[in-house]
Amino acid sequence: MAGAQKVVPDLETALRRVRSYSLPREHRRLQEFGQSSFIGKILIVEREALPELATAVLVREPIGF
C-alpha cells in the first residue's frame with residue numbers, strides 16, 4: 001500500500017524524490033531516537049511476467065513520506 005502522493009512521472013523523478021524529500025524527513029524522524037537513516041535498498045519493478053501476481057494499492061491519504 002502506498003500513498004498516491006508518491007506517484008511521479010518517471011524513474012529519475014522517483015529516485016530524486018527518495019533522496020531529496022523522503023530521506024531527509026525520515027532522518028529527522030529517527031534523530032528523535034538517536035538514530036540516523038540511510039537508503040539501503042530500492043526495489044524497482046519494471047514489468048511483471050505474471051501481472052496477476054502483483055497488486056499495488058494506492059490510497060488518497062498520505063502514507064509515509
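Residues numbered from 1 in each chain as written. Predicted model: local features only at pLDDT ≥ 70, side-chain atom pairs only at ≥ 80, totals over all residues. Heavy atoms only, no water.

What follows concerns the overall build of the protein chain. Across its full length, the protein chain carries one helix and two strands. What you see in the protein chain, going N to C, is helices and strands ordered as β-α-β. A globule of 65 residues ought to have a C-alpha radius of gyration of about 11 Å, yet the protein chain, at 14 Å, is considerably larger. In the protein chain, which comprises 65 residues, the share counted as buried stands at 9%. Partitioning the intrachain contacts of the protein chain with sequence separation of at least 6 by distance along the chain shows that 62% fall at a separation of at least 24. As displayed, the protein chain has an accessible area near 5,800 Å², and 56% of this comes from carbon and sulfur atoms. In the protein chain, 10 positive and 8 negative side-chain charges are present, and the distance between their average locations comes to 6 Å. (Helix = DSSP H or I, 4+ residues; strand = E, 2+ residues; numbered from the N terminus. Rg over C-alpha atoms; globule rule 2.2 N^0.38 Å. Buried < 20%, exposed > 50% of the residue type's maximum accessible area, 1.4 Å probe, protein only. Contact = heavy atoms within 4.5 Å. Areas by Shrake-Rupley, 256 points an atom, 1.4 Å probe, with all protein chains shown as cover. Lys, Arg positive; Asp, Glu negative; His and termini not counted. Charge placed at Lys NZ, Arg CZ, Asp CG, Glu CD.)

You can see R17 is positioned in helix α1 (residues 11-31). Here R17 is buried and forms no salt bridge, its nearest opposite-charge partner E26 lying at an N-O distance of 11 Å. The residues touching R17, leaving out its near neighbours within four places in the chain, are Q5, K6, V8, S22 and F65. (Salt bridge = Lys/Arg side-chain N within 4 Å of Asp/Glu carboxyl O.)

By themselves, these figures tell us nothing about what the structure is for.
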